[in-house]
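Chains, contacts and geometry: an overview
Here's the letter readout for the chains.
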Amino acid sequence: ATAADFAAARSRARMEGWDAILEIRGVLTERKAILQDLEDHLRARYSAIDEAHDDAVAAAKSRLDSKRSWLERIDPITAGGNFADLVANERPVIETGKALVEVHEAVRAVESERRNVDGDLNQVRLRQREVFYSLLPS
C-alpha cells in the first residue's frame, strides 16, 4: 500500500468517527426530548392528583364535621390535631396521598435521567470538538 492509501484510510476512519459522534448526539437529543415529554406528562398528572387530593381532604372534612364539634367540646386544645388525624386516615385521602408520592418520585427519576443525558451531551460535544480539530488538515 502506498502512503496515499494509508492517508485515505485514515481520513475515512476519522470521518466514520465523526459520523458515529453525530449519530450518538442525535440519539441523546431524541432521548432528552422524550424524557422532557414524559416529565411534562407526569407533572400534569401530579397536578390532577393534587387537585383530587385537595377534593378528598375537603370531602373528608365535611363528612367529619360533626366529630370536629364533638372533639372541640371534649378537649379544645387537642381537637385540631385529632381532627387532622381523622381526616388524614380517610381512605380517599390516603389513596390520593400515596398516588402523589408515587408520581412525585417518578418526576424526580425522570428529571435525574434528563440531567444525566445533558451531561452525556456535553461529553459528546467535547469529543465532537476534538474530532473536528483532528479532521482539519495539518
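Refer to the preceding data block for the structure.
Here goes a summary of the coordinates provided.

Description of the overall build of the chain
Tallying secondary structure elements over the chain gives four helices and zero strands in all. A compact globule built from 138 residues should have a C-alpha radius of gyration of about 14 Å, whereas the chain, at 29 Å, is more than 25% larger. For the chain, the C-alpha atoms occupy an extent of roughly 100 × 25 × 20 Å along the three principal directions. Across the 138 residues of the chain, 22% fall into the buried class. Put simply, of all contacts in the chain between residues at least 6 apart along the chain, 83% involve residues at least 24 apart. Total accessible area computed for the chain in this model is approximately 9,800 Å², and 54% of it derives from carbon and sulfur atoms. Put simply, the chain has 21 plus and 25 minus side-chain charges, and the middle of one group is 4 Å from the middle of the other.

So, the nonpolar core
Residues Leu28 and Val117 are the most contacted members of the largest nonpolar core, which totals 14 residues. Contributions of two or more residues to this core are made by α1 (3-63) and α4 (91-135). The leading source of residues in this core is α4, at eight residues. Those residues in contact with Val117, other than ones at most four positions away along the chain, are Leu28, Arg31, Lys32 and Leu35. Core analysis: the next-biggest nonpolar cluster, separate from the first, contains nine residues, Val57, Leu71, Ala79 and Val93 among them.

Quick look at the side chain of His53
Within the secondary structure layout, His53 lies in helix α1. Using a relative accessible area of 17% as the deciding quantity, one classes His53 as buried. Apart from the residues within four sequence positions on either side, His53 is in contact with Val93, Thr96, Gly97 and Leu100.

A word on helix α3 (residues 79-88)
Looking at α3, one finds that the buried residues are Ala79, Phe83 and Val87. All buried residues of α3 fall inside an arc of 70 degrees around its axis, so they share one side.

Section: the pattern of salt bridges
Tallied over the entire structure, the rule returns nine salt bridges. For the salt bridge of Glu111 with Arg43, the shortest nitrogen-to-oxygen distance reads 2.1 Å. Note that Glu111 is positioned in helix α4 and Arg43 in helix α1, a separation of 68 residues in sequence. Overall, Glu111 belongs to the buried group, its relative accessible area being 10%. Using a relative accessible area of 37% as the deciding quantity, one classes Arg43 as partly exposed. One salt bridge connects Glu72 with Arg68, and the closest N-O pair in it is separated by 3.3 Å. Placement of the pair is Glu72 and Arg68 together in helix α2 (residues 65-74), with a separation of four residues, close to one helical turn. The class for Glu72 is partly exposed, based on a relative accessible area of 38%. We classify Arg68 as partly exposed; its relative accessible area is 32%. A single salt-bridge network, built from bridges that share partners, covers Glu39, Arg43, Arg108, Glu111 and Arg114.

Thresholds applied
Residues numbered from 1 in each chain as written. Predicted model: local features only at pLDDT ≥ 70, side-chain atom pairs only at ≥ 80, totals over all residues. Heavy atoms only, no water. Helix = DSSP H or I, 4+ residues; strand = E, 2+ residues; numbered from the N terminus. Rg over C-alpha atoms; globule rule 2.2 N^0.38 Å. Buried < 20%, exposed > 50% of the residue type's maximum accessible area, 1.4 Å probe, protein only. Contact = heavy atoms within 4.5 Å. Areas by Shrake-Rupley, 256 points an atom, 1.4 Å probe, with all protein chains shown as cover. Lys, Arg positive; Asp, Glu negative; His and termini not counted. Charge placed at Lys NZ, Arg CZ, Asp CG, Glu CD. Core = buried A, V, L, I, M, F, W, Y, C linked by side-chain atoms within 4.5 Å. Arc of directions from axis to C-beta. Salt bridge = Lys/Arg side-chain N within 4 Å of Asp/Glu carboxyl O.

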